[in-house]
Amino acid sequence: MTGKWIVPGLIDTHVHFSQTGWVDGRSDALDLRARYPYETVEAELHRRPDRFFRSYLCSGVTSVFDVGGYPWTLDLQTRTGRSTTAPRVVAAGPLLSTIDPWLNLPDQRQFIYMADEATVRQAVRAHKAWGAAAIKVWYIMPPQPPDTARMSALVHAAGDEARKVGLPLIVHATGLWEAKDALRAGARVLVHSVWSAPVDDEFLALARRAGAIYVPTLTVPDGYGQVTARHFLPDRGALRCVDRATRAKAFATDTVALAQRAPLSIRQRLGRIVRSLAPGLGSTRRHDQGALNLKRVFDAGIPVALGTDAGNPLTLHGASVFRELEAMQASGLAPRDVLVAATRNAARALDLDSTGTVTGGAVADLLVLDADPLADIRHLRDIALVIHRGEAYTRRELEYP
């Protein structure tokens, strides 16, 4: 075979199998539960995660990190452990949260509210017993002191207990203050960009001292923006890796009716949640801040890893990696640096030492490309073969009809 390029399989360090890639999996973004009952949506996700397995492999992704979901997501680690037809899944299980969102099921939670220190420490120990690969904290700052100090103390307790049980702490912290506090608490991975303000020297020093990995998730706000505008912007080539049912829902975004407005108290509560996930909405300056901060973090020598936040509205499983990679390049990273972020550095974020490089003794997770990704990261779309654990598939074999 000539005229081809070989690179490691891609690794997405931020996905959610408990979310669909559309609004039916995030009723707090747009409430369509009358048409798509949340319990039914979640039962189907539990029953058939394999539709997303194929989407990831088709998109060149051979390993993923599920950084928060229902308890069944932990079982995906064993289920995919030796599979050649599913990406390798590492999972954190239910999130510990500084607020108490309602997006749970009657009989199980994907968000565990950090009510007090005893609850936090007990939850961390439970995650260890369940086989979680990490402790994930959703650090959404309450609006006023003294909650600030109380929640900070609880995040630090989570970090302390995680160290005791030997699990890495990973944190959703999109505000600069919260991100700094997460690093002081021992965060090993920041699973989003800092969007609220420019990162400063103190943040960079804390990240270096913690040995933290920075995952920018630059494009996830775009999906929320498309939902708000009721206008889906399809990535036609990437959509070939998306199952028919998910594609149909994505295209329905343009015609879906405005949801009935929730009571004011709930709207205020959800507003904080959505702003934490997509702080760029309604503000170009904030949206651009993620890209500016990524470049500054990278220039400071802090490791950067690929992550999409797939599962959120219109951040589609598998297919979303291409726009994320291209956004990282557009922020000023060279193609080689983006490729390292999507492979070697991402493997570090997942604590995987057997993949992420093309070296002797590594697992045969490889992509064969038709064009040089070091000339332009967009050439990662030009997949000829996906090789996972030594099993080779043509891109056409993996695409959905």
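Residues numbered from 1 in each chain as written. Predicted model: local features only at pLDDT ≥ 70, side-chain atom pairs only at ≥ 80, totals over all residues. Heavy atoms only, no water.

### What about unusual backbone geometry?
Positive phi outside glycine occurs at Leu314, with the angle close to 65°. Inspection of the secondary structure puts Leu314 in the loop between helix 11 (284-299) and helix 12 (321-330). Leu314 gets classed as buried once you look at its relative accessible area, which sits at 10%. Its identity as a non-glycine residue notwithstanding, Arg389 has a phi of 50°, on the positive side. Its location among the elements puts Arg389 in the loop between strand 12 (383-388) and strand 13 (391-394). (Helix = DSSP H or I, 4+ residues; strand = E, 2+ residues; numbered from the N terminus. Buried < 20%, exposed > 50% of the residue type's maximum accessible area, 1.4 Å probe, protein only.)

### With respect to the sheet that holds strand 13
Ordered by their spatial adjacency, 4 strands build an open sheet running 1-11-12-13, and the pairing between neighbours is antiparallel. In the strand order of this sheet, the two ends are held by strand 1 (5-8) and strand 13, each with one partner. Neighbouring strand axes in the sheet, compared pairwise and without regard to direction, differ in orientation by 20° on average. Relative to strand 12, strand 11 (residues 366-369) runs antiparallel, the two being bridged by 4 bridges. Bridging across to strand 12, Leu366 finds its partner in Ile387. (Pairing = 2+ DSSP bridges. Axes fitted to C-alpha atoms, helices over the stretch in contact; angles between N-to-C directions.)

### Some details on the sheet that holds strand 7 (residues 135-138)
The 6 strands are arranged 6-5-7-8-9-10 in an open sheet whose pairing can be described as parallel. Of all the strands in the sheet, the pair left with one neighbour each is strand 6 (111-113) and strand 10 (213-214). As paired elements, strand 5 (residues 95-97) and strand 7 share 2 bridges and run parallel to each other. Looking across to strand 7, one finds that Leu96 is bridged to Val137. Set on the sheet, helix 4 (residues 117-130) makes contact with strand 5, strand 6 and strand 7; between it and strand 5 the angle comes to about 175°. Lying on the sheet, helix 6 (residues 176-184) is in contact with strand 8 (169-172) and strand 9 (187-190); it crosses strand 9 at an angle near 145°. (Contact = heavy atoms within 4.5 Å.)

### Focus: the packing of helix 6 against helix 7 (residues 201-210)
Here helix 6 crosses helix 7 at 25°, and the two axes come no closer than 9 Å. Between helix 6 and helix 7, the interaxial angle falls into the category roughly parallel. Where helix 6 crosses over helix 7, the handedness of that crossing is left-handed. Facing Leu176, Ala179, Lys180, Leu183 and Arg184 of helix 6, the residues of helix 7 in contact are Glu202, Phe203, Leu206, Ala207 and Ala210. Classifying every residue of the contact of helix 6 with helix 7 by side-chain character gives 7 nonpolar, no polar and 3 charged. (Parallel < 35°, antiparallel > 145°, perpendicular 65-115°, else oblique. Left-handed = near helix turned anticlockwise from the far one by under 90°. Nonpolar A, V, L, I, M, F, W, Y, C, P; charged D, E, K, R; others polar.)

### Description of the pattern of salt bridges
If you walk through the whole model with that rule in mind, you get 27 salt bridges. Across the pair Lys180 and Asp200 runs a salt bridge, and its minimum N-O distance is 2.7 Å. Note that Lys180 is positioned in helix 6 and Asp200 in the loop between strand 9 and helix 7, a separation of 20 residues in sequence. For Asp200, a relative accessible area of 25% puts it in the partly exposed group. Among the charged side chains, a network of salt bridges with common partners joins Glu117, Arg121, Arg125, Asp160, Glu161, Arg163 and Lys164. (Salt bridge = Lys/Arg side-chain N within 4 Å of Asp/Glu carboxyl O.)

### A short note on the packing of aromatic side chains
Under the definition given, this model contains 6 aromatic pairs. The interplanar angle of 65° and the centroid separation of 6.0 Å between the aromatic rings of Phe17 and Tyr56 together place this pair among those described as edge-to-face. Note that Phe17 is positioned in the loop between strand 2 (10-15) and helix 1 (38-47) and Tyr56 in helix 2 (residues 50-58), a separation of 39 residues in sequence. Among the residues examined, Tyr56 registers a relative accessible area of 0% and is labelled buried. Ring geometry for Phe203 against Tyr214: centres 6.3 Å apart, planes inclined by 80°, an arrangement best described as edge-to-face. Here Tyr214 lies in strand 10 and Phe203 lies in helix 7, a separation of 11 residues in the sequence. Like Tyr214, Phe203 is buried. Three or more aromatic residues joined by ring pairs make a cluster, and in this case those are Phe17, Phe53 and Tyr56. Here the basic side chain of Arg54 rests over the ring of Tyr400, its NZ or CZ set 4.2 Å away from the ring centre. (Phe/Tyr/Trp six-rings, centres within 6.5 Å; stacked < 30°, edge-to-face > 60°. Lys NZ or Arg CZ within 6 Å of the ring centre and 35° of its normal.)

### A short note on the pairing of strand 9
On a regular strand, one side chain projects to one face of the sheet and the next to the other, so that they alternate. Direction of pairing for strand 8 relative to strand 9: parallel, over a ladder of 3 bridges. Following the sheet pairing, Ile170 is matched in strand 9 by Val189. For the crossover from strand 8 across helix 6 to strand 9, the handedness is right-handed. With 2 bridges connecting them, strand 9 and strand 10 associate as parallel partners. Note that in strand 10 the partner of Leu190 across the bridge is Tyr214. Note on the crossover from strand 9 through helix 7 to strand 10: the handedness is right-handed. (Right-handed = clockwise from strand over helix to strand, strands pointing away.)

### Comments concerning helix 2
Residues spaced three or four apart along an α-helix face the same direction, because each turn holds 3.6 residues. In terms of residue burial, helix 2 counts as a mostly covered element, since 7 of its 9 residues are buried. Within the span of helix 2, buried status applies to Arg51, Phe52, Phe53, Ser55, Tyr56, Leu57 and Cys58.

### What to know about the state of the cysteines
Overall, the coordinates contain 1 disulfide when judged by the stated rule. Disulfide pairing places Cys58 opposite Cys241 at an S-S distance of 2.0 Å. Looking down the S-S bond of the Cys58 and Cys241 bridge, the torsion is -65°, so its handedness is left-handed. On the criterion of sequence distance, the pair formed by Cys58 in helix 2 and Cys241 in the loop between helix 8 (220-229) and helix 9 (244-251) is long-range, its members being 183 residues apart. (Disulfide = S-S within 2.5 Å.)

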